[in-house]
Amino acid sequence: MLKIIGTGRAVPDFIADNAFFERLVDTSDEWIVSRTGIKTRHILTEGSLTELAFKAAKNALDNANIKPNDLDLIICSSLQGDYITPSLACCVKSKIKATCPAFDINAACAGFIYSLNVAAGLIKSEIYNNVLIISAERLSKFVDYTDRSTCVLFGDGAGAAVVTEGNALRYINVGTEEGIELLFANSGLPQNCFTKKREQGFITMNGPEIFKFATQTVLSAIKDVGKRLSIKADDIKWFLLHQANGRIIDTIRKTLKQPQEKFPENHSKFGNTSAASIPMLMDELNREGKFKKGDLLFLSAFGGGLTKGSCVITWDK
Ligand code: UT7
């Protein structure tokens, strides 16, 4: 179906540490670190999400050693691009000077896995060959910086991957669960054409319920992988999990009785960057030369919707 031939990432320059939030709301470095593992996050205070997504895309294309003209499709996953229209994918396409089709997917934090699933189907049907996937998020746009239960969690960032025809994707499964009210944000724009009354557009989340959903989702995906591929958690070299909270990752790791080094993290530096968290992490490990050809990677994400998605990929670059 597909293999990954290049990765990239980009984060904005402005860094907000926990002391920044101690000045904004009734919180503490101790609470944030012990409950989430987050120490800093990057926030897009200047420039556009398109520019951030473009940098990640450019890095992925260079890493894959392919030119924008060689692309057959661009898929962006994001909660929202810079515009309602054009799509973020079209904005990036124009900036990298590609000529291929481009569209957005919104599957919240599971957006990167959903994009891989769509790309895999289109590559398998021989409709497209080289696909650029970008997951780029400007969560700071939706965060209420007076709500301590959410503002400390999220950061902005972009991750990208170039995929092409190959046999590296061993398993992929995306889905949904009931729970729209557990995690949502609207556009903040008026919905009623006559009253033009503005909606409150901030992220609202039932953290403890999402925490349970997250751990159950990842653990049941691992079970399913075990059944379908006849492999055990021990056979997986890298667990690249959505970086929402260090305690979620640790609960999963301990249940699976796996060592810490198989669960790399980036939430301590970048916070929860939604769909961007997994491709950003993948790029970091790729550039550090951590992945060896043949390594089995397990990717799993969960988010608003509720969306969920997991896959197993052999590193084949
Ligand atoms: O990417 C999408 C998926 N999202 C997630 O996976 C997030 C999953 N959920 C979580 O990561 C955790 O539930 C949170 C980090 C959001 C919250 O941690 P928690 O341990 O579940 O805390 P809680 O919501 O149960 O709140 C415990 C206490 C409350 O105070 P009381 O009622 O016990 O007095 C909160 O008001 O912690 C308080 N609290 C805070 N205190 C200091 C909540 N936020 C803060 C804060 N600083 N920033």
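No experiment lies behind these values; they were computed from the predicted model shown.

Student: Can you tell me about the overall build of the chain, naming the residues and giving the values?
Tutor: Helix and strand counts for the chain come out as ten helices and 13 strands. Computed over its C-alpha atoms, the radius of gyration of the chain comes to 19 Å, within 12% of the 20 Å expected for a compact globule of 317 residues. In terms of overall dimensions, the chain has C-alpha extents of about 50 × 45 × 35 Å along its principal axes. Intrachain contacts of the chain at a sequence separation of at least 6 include 76% that bridge at least 24 residues. Surface exposure of the chain reaches about 13,900 Å², of which carbon and sulfur atoms provide 51%. Here the chain carries 38 positive and 35 negative side-chain charges, and the mean point of each set is 3 Å from the other.

Student: Let's hear about the sheet that holds strand S1 (residues 3-10): which residues, and what values?
Tutor: The strands making up a sheet associate through hydrogen bonds between their backbones, and the pairing can be parallel or antiparallel. Taken in spatial order, the five strands of this open sheet run S1-S7-S6-S4-S5, and their pairing is mixed. A strand with exactly one partner marks an edge of an open sheet, and here the two such strands are S1 and strand S5 (102-105). Here the strands of the sheet are splayed against their neighbours by 20° on average, with no regard to which way each runs. Here seven bridges tie strand S6 (residues 131-137) to strand S7 (residues 157-164), and the two strands are oriented antiparallel to one another. Bridging from a neighbouring strand, Ile133 pairs with Ala161 of S7. Helix H5 (residues 111-124) contacts strand S4 (73-77), S5, S6 and S7 of the sheet and is inclined by roughly 165° relative to S6.

What counts and what doesn't
Counting restarts for each chain, with residues numbered from 1 along the sequence as it is written. Totals for whole chains, interfaces and linings use every residue, but because this is a predicted model, local features are given only for residues with pLDDT of at least 70 and side-chain atom pairs only at 80 or more, for both listing and counting. With hydrogens and water set aside, each side-chain value is computed from the structure's full complement of heavy atoms. In this description a helix means any DSSP run of H or I spanning at least four residues, a strand means any run of E spanning at least two, and both kinds are numbered starting from the N terminus. Our radius of gyration is a C-alpha quantity, and the globule rule it is checked against amounts to 2.2 Å times the number of residues to the power 0.38. Any two residues having at least one pair of non-hydrogen atoms within 4.5 Å are treated as being in contact. The protein chains shown are the only cover counted for residues, whose accessible areas, like all others here, come from Shrake-Rupley with a 1.4 Å probe. Here the positive residues are Lys and Arg and the negative ones are Asp and Glu; neither His nor the chain ends is included. Charged groups are reduced to one reference atom each: NZ for lysine, CZ for arginine, CG for aspartic acid, CD for glutamic acid. Here, a strand pair is defined by DSSP locating no fewer than two bridges between the strands. Between N-to-C directions, angles span 0 to 180 degrees; the directions come from axes that are lines fitted to C-alpha atoms, helices contributing only their stretch in contact.

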